[in-house]
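Chain residues, written in single-letter form:
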Amino acid sequence: MDIEQRIHDLQTNLAAVERFLALYDLYRYMTDDRPTVAEASTIDILMQQAAETDRDLNVRAWARYFHERVWGERGLEDPKPHLPKIWQLLIVEEL
């Protein structure tokens with residue numbers, strides 16, 4: 001996975017679905033792989049920023065959810081934010 005490209009997409013892509021997919025990939029990277037401290041710190045900051053300032057409410061909600069999951073503030077049994085149907089079709093694995 002190209003982390004730099006996902007970070008760029010999250011920061012600059014105009015399509016909400018592309019920003020969501022970038023967030024999803026970054027979340028998976030944080031939970032499934034071994035990011036460096038610098039990568040983890042950057043991703044953490046970007047998730048917080050997206051949760052507070054993204055122009056799409058769904059992206060904001062998922063950024064907050066992913067950030068809280070990474071930090072253990074939410075359990076797997078906690079409800080997930082709304083996921084538009086078209087976005088669901090683009091995810092290969094189950095959330």
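Source: prediction; values computed, not measured.

Draft legend 1. Up close: the side chain of E68. When you line up the elements, E68 lands in helix α4 (residues 57-70). Accessibility expressed as a relative area gives 19% for E68, which makes it buried. Excluding its chain neighbours within four sequence positions, the residues that come into contact with E68 are E73 and R74.

Draft legend 2. Representation of the packing of aromatic side chains within the structure. One pass over the structure, following the stated rule, counts nine aromatic pairs. Taking the centre distance of 5.0 Å and the plane angle of 25 degrees together, the rings of F20 and W87 count as stacked. Residue F20 is located in helix α2 (residues 16-32), and its partner W87 is located in helix α5 (residues 85-90); the two are separated by 67 residues in the primary sequence. Grouping residues by exposure puts F20 and W87 together as buried. Centroid distance Y24 to F66: 6.4 Å. Interplanar angle 50 degrees. Geometry classified as tilted. Residue Y24 is located in helix α2, and its partner F66 is located in helix α4; the two are separated by 42 residues in the primary sequence. Each member of the pair, Y24 as well as F66, is classed as buried. Taken together, the ring pairs in this structure connect F20, Y24, Y27, W62, Y65, F66 and W87 into an aromatic cluster.

Draft legend 3. How the structure looks around the nonpolar core. One finds L10, F20, L23, L26, M47 and F66 to be the most contacted residues of the largest nonpolar core, which totals 26 residues. Leaving out residues up to four positions away in the same chain, L26 has contacts with I3, R6, I7, L10, I43 and M47.

Draft legend 4. Quick peek at the packing of α2 against helix α3 (residues 37-53). At a minimum axis distance of 11 Å, the contact between α2 and α3 shows a crossing angle of 140 degrees. In this view, α2 runs oblique relative to α3, as classed from their interaxial angle. The handedness of the crossing between α2 and α3 is left-handed. Across the interface between the two elements, L23, L26, Y27, Y29 and M30 from α2 touch E39, A40, I43 and M47 from α3. For the contact of α2 with α3, a count of residues per class yields eight nonpolar, no polar and one charged.

Draft legend 5. Region of interest: the packing of helix α1 (residues 3-12) against α3. For the pair α1 and α3, the least separation of the axes is 11 Å and the interaxial angle reads 20 degrees. Our classification of the angle between α1 and α3 gives roughly parallel. The element α1 and its partner α3 pack so that their crossing is left-handed. Mapping the contact onto sequence places I7, L10 and Q11 in α1 and T42, L46 and A50 in α3.

Conventions and cut-offs
Residues numbered from 1 in each chain as written. Predicted model: local features only at pLDDT ≥ 70, side-chain atom pairs only at ≥ 80, totals over all residues. Heavy atoms only, no water. Helix = DSSP H or I, 4+ residues; strand = E, 2+ residues; numbered from the N terminus. Buried < 20%, exposed > 50% of the residue type's maximum accessible area, 1.4 Å probe, protein only. Contact = heavy atoms within 4.5 Å. Phe/Tyr/Trp six-rings, centres within 6.5 Å; stacked < 30°, edge-to-face > 60°. Core = buried A, V, L, I, M, F, W, Y, C linked by side-chain atoms within 4.5 Å. Axes fitted to C-alpha atoms, helices over the stretch in contact; angles between N-to-C directions. Parallel < 35°, antiparallel > 145°, perpendicular 65-115°, else oblique. Left-handed = near helix turned anticlockwise from the far one by under 90°. Nonpolar A, V, L, I, M, F, W, Y, C, P; charged D, E, K, R; others polar.

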